Amino acid sequence: MAASRIVIENCAIATVDANDTEYASGYVVVADNLIESVGAGSAPTGLENVVRRVDGTGHLLTPGLVNTHHHFYQWITRGLATDHNLFNWLVALYPTWARIDESMARAAAQGSLAMMARGGVTTAMDHHYVYPRGSGDLSGAIIGAASETGVRFTLARGSMDRGESDGGLPPDFAVESLDDALAATEATVDRYHDDSFDAMTQIAVAPCSPFSVSTELMRQGAELARRKGVRLHTHGSETVEEEQFCKELFGMGPTDYFESTGWLGSDVWMAHCVHMNDSDIAAFARTGTGVAHCPSSNARLGAGIARVPDMLKAGVPVGLGVDGTASNESGELHTELRNALLVNRLGAHREAALTARQALRLGTQGGAQVLGRAGQIGSIEAGKLADLVLWKLDTLAHSSIADPVVALILGAAAPVTLSLVGGRTVVEDNHLTTVDEDAVARSTRTEARRLARITAAG
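Quantities reported herein were computed from a predicted structural model and do not represent experimental measurements.

### Let's talk about the overall build of the protein
- Scanning the protein from N- to C-terminus turns up 14 helices and 17 strands.
- Over its C-alpha trace the protein gives a radius of gyration of 21 Å, about what one expects of a compact globule, namely 23 Å for 458 residues.
- Projected onto the principal axes, the alpha-carbon positions of the protein cover approximately 70 × 45 × 45 Å.
- Within the protein, buried positions represent 59% of all 458 residues.
- Counting only contacts in the protein whose residues sit at least 6 apart along the sequence, the fraction spanning at least 24 positions is 73%.
- With the model as given, the accessible surface of the protein reaches about 16,700 Å², and the carbon-plus-sulfur share is 49%.
- Distance between charge centroids for the protein: 2 Å, based on 36 positive and 54 negative side chains.

See the structure below:
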């Protein structure tokens, strides 16, 4: 059967390929789920079976955005504990999070995914680590929501086995035993992980953080991931308090602790990595360990400014993350493009910290590399998956910014005229085509209120 083709033309294009190739006016031809060709000027003549032509005049075409760190369940606990640092924030919210169930997890995932997809995300991930006893099939609910939304998805199947009675922060009924956590994680990998080129669902092994899991869960989790051939994810070096905790409990800092448990490597990525010294950055670069940079959440919790320019210079893979919407209430990755640039310019490198094009790379090719999918997504190149976003830049909001990449990164949030995932339309004229946004909003409000009532009742 002949391939069905979509032609997008007359738009500026930022390919984010290895050479940062850009076209002031160009085209992309999509054949079924793949990018067939990209170039300057008009699309080739004589193309067969063209089912749609899109006039991109006044637009910028980029790769779809790739989110590398999130906690979907937090969508229904937004706007709480707004003036807390990380540890106090966790203490305030764990009693609520410990009461989530399958219906809540599904609604929260729908809300998180819808907001990201509407803002240009074509590949999402969720680090879900709260599995209260008797809460139902939380992983299945989250994966189902991602499938309905139509984005590529990595579920980082998290776990915690250090409850309050063992010196951890979460209530004991919200954590799993070592054996249960490992068994459930392996079962999730076996049921859902797809390692094919155009996979829509992948699974990573993801114990929550050094202060909420045992050393044995870290070690055996790494062994499980490598036996199954999947990636590893956790939180690392997010706060000064975490570093102190690791030194007191393990006699070493977070990076040395991660290395001692098998948690550095090209199949690993860490969230935050705010408090990294030169030795830590060198260790990440030497091992190919990736970083999910979450500038808004780091600022919201007062965690600090990650040394992203130094990481990039050293060769550390870096992508962008929304983080959970209890510490980044907007829940949109495209705002992180701007915030990554602005926040990092407050650091030691000031105006030389990041450029607009480096910020775009963090949110696209950088994220693809961190998720282990750089050969499939993250840039506009022939043979890659047709995950594309067409940003509208011809309105008042961007009317006097000549450079379209600068307009996208530093200007107001640009509407999404079209978003494709594997050639399938997910967003059209700034609205989702796959799910009813109003229905999702109603569902998330209902579940947020139900969770609040349950929490208040104790």
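### Considerations on the packing of aromatic side chains
- This structure, assessed with the given rule, holds ten aromatic pairs.
- Here the aromatic rings of Tyr73 and Trp97 are separated by 5.3 Å at their centres, their planes lie at 85°, and the arrangement is edge-to-face. Residue Tyr73 is found in the loop between strand 6 (65-66) and helix 1 (86-97), and its partner Trp97 is found in helix 1; the two are separated by 24 residues along the sequence.
- On the accessibility criterion, Tyr73 (2% relative accessible area) is buried.

### Section: unusual backbone geometry
- Look at Asp20: it is not a glycine, yet its phi comes out positive at around 55°.
- Along the polypeptide, Asp20 turns up in the loop between strand 1 (5-14) and strand 2 (22-31).
- The phi dihedral of Asn49 falls on the positive side, at around 55°, and the residue is not glycine.
- Counting through the fold element by element, Asn49 comes out in the loop between strand 3 (34-40) and strand 4 (50-55).
- With a relative accessible area of 37%, Asn49 lands in the partly exposed category.

### Focus: the sheet that holds strand 10 (residues 231-236)
- Spatial strand order, 6-7-8-9-10-11-12-13: eight strands in an open sheet with parallel pairing. The open sheet has two edge strands, strand 6 and strand 13 (318-320), and neither has a second partner.
- Strand direction decides the pairing type here: strand 9 (residues 201-207) and strand 10, joined by two bridges, are parallel. From the neighbouring strand, Ala204 faces strand 10, where its bridge partner is Arg231.
- Running over the sheet, helix 4 (residues 178-192) touches strand 8 (152-159) and strand 9 and is turned about 165° from strand 8.
- Against the sheet, helix 5 (residues 215-228) touches strand 8, strand 9, strand 10 and strand 11 (268-272), its axis set at about 155° to strand 9.

### Observations regarding the environment of Asp198
- Its location among the elements puts Asp198 in the loop between helix 4 and strand 9.
- Note: C-alpha distance between Asp198 and Gly26 (172 residues apart in sequence) is 25 Å.
- The contact partners of Asp198, leaving out residues within four places of it in the chain, are Asn33, Arg152, Arg373 and Leu385.

### Focus: the side chain of His334
- Relative to the helices and strands, His334 is located in helix 11 (residues 334-344).
- Polar contacts involving the side chain of His334 include one to the main-chain carbonyl oxygen of Gly119, which spans 3.3 Å.
- When sequence neighbours within four positions are dropped, the list of residues in contact with His334 reads Leu65, Gly119, Trp391 and Ala413.

### A closer look at the pattern of salt bridges
- Under the defined criterion, the tally for this structure stands at 23 salt bridges.
- Glu148 is the partner of Arg106 in a salt bridge, and the nearest nitrogen-oxygen pair spans 2.3 Å. In this pair, Arg106 sits in helix 2 (residues 102-118) while Glu148 sits in helix 3 (residues 138-149), placing the two residues 42 residues apart along the sequence.
- Looking at Arg106, the relative accessible area reads 29%, which means it is partly exposed.
- A relative accessible area of 34% places Glu148 in the partly exposed class.
- Look at the salt bridges and you will find they share partners, linking Glu186, Asp190, Arg227 and Lys228 into a network.

### Points about the environment of Tyr192
- Inspection of the secondary structure puts Tyr192 in helix 4.
- Distance in space between the C-alpha atoms of Tyr192 and Gln202 is 6.8 Å, their sequence separation being ten residues.
- In terms of polar contacts, Tyr192 uses its side chain to reach the side chain of Arg191, at 3.3 Å.

Reading the values: the criteria
Note that residues are indexed from 1 along each chain, following the sequence as it is written. With the structure being a predicted model, the display of local features is reserved for residues of pLDDT at least 70 and the display and counting of side-chain atom pairs for 80 or more, all residues being used for whole-chain, interface and lining totals. Note: side-chain values were computed over all heavy atoms of the structure, leaving out hydrogens and water. Only DSSP runs of H or I covering at least 4 residues are called helices, and only runs of E covering at least 2 are called strands; the numbering of each starts at the N terminus. The globule rule used for comparison is 2.2 Å times the number of residues to the exponent 0.38, while the radius of gyration itself is calculated over C-alpha atoms. Think of it in three bands: residues with accessible area under 20% of the maximum for their type are buried, residues over 50% are exposed, and the middle band is partly exposed, with areas taken using a 1.4 Å probe on protein chains only. Note on contacts: a residue pair qualifies if any of its non-hydrogen atoms lie within 4.5 Å across the two residues. Areas reported here follow the Shrake-Rupley algorithm with a probe of radius 1.4 Å; residue values treat only the protein chains shown as occluding. Neither His nor the chain ends is counted toward charge; the positive residues are Lys and Arg and the negative residues Asp and Glu. For charged residues, the charge sits on one atom: NZ in Lys, CZ in Arg, CG in Asp, CD in Glu. Centres within 6.5 Å are what make two rings of Phe, Tyr or Trp a pair, Trp counting through its six-membered ring; a difference in plane orientation under 30 degrees is then read as stacked, over 60 as edge-to-face, and the rest as tilted. We call two strands paired when DSSP finds no fewer than two bridges between them. Angles shown run from 0 to 180 degrees and are taken between the N-to-C directions of axes, each axis being a line fitted to C-alpha atoms and, for helices, limited to the stretch in contact. Pairs of N or O atoms are called polar contacts if they sit within 3.5 Å, as long as, within protein, a hydrogen donor faces a hydrogen acceptor (for residues adjacent in sequence, only side-chain-to-side-chain pairs). A side-chain nitrogen of Lys or Arg and a carboxyl oxygen of Asp or Glu constitute a salt bridge if their distance falls within 4 Å.

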